[in-house]
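# Summary of the model geometry
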Amino acid sequence: QVQLVESGGGLMQAGGSLRLSCAASGRTLNTLNVAWFRRAPGMERELVAAMRNGGSTFHAGSVQGRFTISRDNAKNTVYLQMNSLKPEDTAVYYCAADLNYFAVVAGRAASWGQGTQVTVSS
């Protein structure tokens, strides 16, 4: 089973940018399907972006054009570049990975990171 560790969260003003990292160990990420989720206080967990092991990507409508999921195979790391941040992007962000793409996007991935807090001030 792959182990995932997120980093890169923090406090940012609206309009700013952050890049989240999800470093994997135990398995190469390009054999897995990966995704970023977020959970805001009092809200359900939300799928933000996903990447199939073949490289195709999905971005939720709420972040389309502002966030980008990418992968660096040499570093075995998945990223979430977040631009034009809004206060409503405030949440704990999690990365997830699984051999089954549909399990990942449904929030039923076998492997999850511990989460990283992103706070966007207005």
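Preceding block: the structure.
Residues numbered from 1 in each chain as written. Predicted model: local features only at pLDDT ≥ 70, side-chain atom pairs only at ≥ 80, totals over all residues. Heavy atoms only, no water.

In this section: empty space enclosed by the protein. Counting across every chain of the model gives one cavity of 30 Å³ or more. Computed from the structure, the largest cavity encloses a volume of approximately 30 Å³. Taken together, L4, C22, L29, V34, V78, C95, A96 and A97 make up the full set of residues lining the largest cavity. Looking at the lining of the largest cavity element by element, the count peaks at three residues for strand 9 (residues 91-98). Of the residues contributing to the lining of the largest cavity, the split by class is eight nonpolar, no polar and no charged. (1 Å grid on protein atoms, 1.4 Å probe; cavity = no way out; pocket = protein on both sides within 12 Å on 5 of 7 lines; lining within 4 Å. Points joined across faces, edges and corners; volume = space filled by probe spheres on them. Helix = DSSP H or I, 4+ residues; strand = E, 2+ residues; numbered from the N terminus. Nonpolar A, V, L, I, M, F, W, Y, C, P; charged D, E, K, R; others polar.)

This paragraph deals with the state of the cysteines. Within the structure shown, the criterion is met by one disulfide. Bridging C22 to C95, the disulfide has an S-S length of 2.0 Å. Residues C22 and C95 are joined through a disulfide that is right-handed, its torsion about the S-S bond being 65°. Within this pair, whereas C22 is found in strand 3 (residues 18-25), its partner C95 is found in strand 9, the two being separated by 73 residues in sequence. Of the two residues, C22 and C95, both sit in the buried class. (Disulfide = S-S within 2.5 Å. Buried < 20%, exposed > 50% of the residue type's maximum accessible area, 1.4 Å probe, protein only.)

The values are spatial; any link to function lies outside them.
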